[in-house]
Amino acid sequence: MGIGGLCLVLALASVGLTLWVTWQLEGGAAAVNEAGRMRMQSYRLALRLQTPVPDTGRTELNQQVQDQLQDFDASLSLLRDGDPARPLAVPWDQDTRAHFELVQQRWQPLRALARELAIQRPGPGLSLQVDDFVHEVDSFVSAIELHLAQWTTLLRTLLGMVPVSLLAWAFGVQPKG
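What comes next is a walk through the structure. (Residues numbered from 1 in each chain as written. Predicted model: local features only at pLDDT ≥ 70, side-chain atom pairs only at ≥ 80, totals over all residues. Heavy atoms only, no water.)

## Some words on the pattern of salt bridges
Then comes step 1: Throughout the structure, instances matching the rule amount to five salt bridges.
Then comes step 2: The partner of Glu34 in a salt bridge is Arg37, with the nearest N and O atoms 2.8 Å apart. Of this pair, Glu34 and Arg37 both sit in helix H1 (residues 3-50), separated by three residues, roughly a single helical turn.
Then comes step 3: Relative accessible area serves as the criterion here: at 6%, Glu34 is assigned to the buried category.
Then comes step 4: Since its relative accessible area comes to 35%, Arg37 is described here as partly exposed.
Then comes step 5: Two residues, Glu34 and Arg86, come together in a salt bridge whose shortest N-O distance is 3.7 Å. Taken as a pair, Glu34 in helix H1 and Arg86 in the loop between helix H2 (58-81) and helix H3 (94-119) lie far apart in primary sequence, 52 residues in all.
Then comes step 6: The exposure class of Arg86 is partly exposed, given its relative accessible area of 40%.
Then comes step 7: One salt-bridge network, in which partners are shared between bridges, spans Glu34, Arg37 and Arg86. (Salt bridge = Lys/Arg side-chain N within 4 Å of Asp/Glu carboxyl O. Helix = DSSP H or I, 4+ residues; strand = E, 2+ residues; numbered from the N terminus. Buried < 20%, exposed > 50% of the residue type's maximum accessible area, 1.4 Å probe, protein only.)

## So, unusual backbone geometry
Then comes step 1: Omega for the bond connecting Arg86 with Pro87 falls within 30 degrees of zero, at -20°, which places this linkage in the cis form.
Then comes step 2: By the element assignment, Pro87 lies in the loop between H2 and H3.

## Considering the side chain of His147
Then comes step 1: Mapped onto the elements of the fold, His147 is located in helix H4 (residues 126-170).
Then comes step 2: Setting aside chain neighbours within four positions, we find His147 in contact with Pro91, Trp92 and Asp93. (Contact = heavy atoms within 4.5 Å.)

## Notes on empty space enclosed by the protein
Then comes step 1: Overall, the coordinates contain one cavity of 30 Å³ or more when judged by the stated rule.
Then comes step 2: Taken as a whole, the largest cavity spans an internal volume of roughly 50 Å³.
Then comes step 3: Taken together, Gln41, Ser42, Arg44, Leu45, Gln68, Asp71, Phe72 and Trp107 make up the full set of residues lining the largest cavity.
Then comes step 4: Contributions of two or more residues to the lining of the largest cavity are made by H1 and H2.
Then comes step 5: It is H1 that contributes the most residues to the lining of the largest cavity, four residues altogether. (1 Å grid on protein atoms, 1.4 Å probe; cavity = no way out; pocket = protein on both sides within 12 Å on 5 of 7 lines; lining within 4 Å. Points joined across faces, edges and corners; volume = space filled by probe spheres on them.)

What follows is the structure in structure tokens.
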């Protein structure tokens, strides 16, 4: 195989790797959107629980809160399991996994408090707990974004290799030896 064949193999490998990296970036961007949606859901839940409701409206409030909790649990499942059809995939590494585990851990007491407040009158502490939770979601998003930045750097490197390889082939650069 001559230099032309080697350049062709490198170009095809680069194209294949580029497609794979762009798929990872697309899935990661969808994960960032879903995690951002969790922030919105948290604030929406807090707002709903802090809105005064007459005792006669407690059943309806409880149902609305249960629906919101199920939506949030679905978001956590989607982030954990991914969705290749969308695509949605968290770029798992040690940092993103650790932040996601903290999000899940912090969600459980907030979830329990929301269920309790849907039945009883709102008490103090909900806003602070939601703010702390959203801060952890923000850290998770930042970890995903850092990973995506690394993929973007790889993509730029790959895209830079193709023209360099083609130019080398076009000008007949031969390896020494």
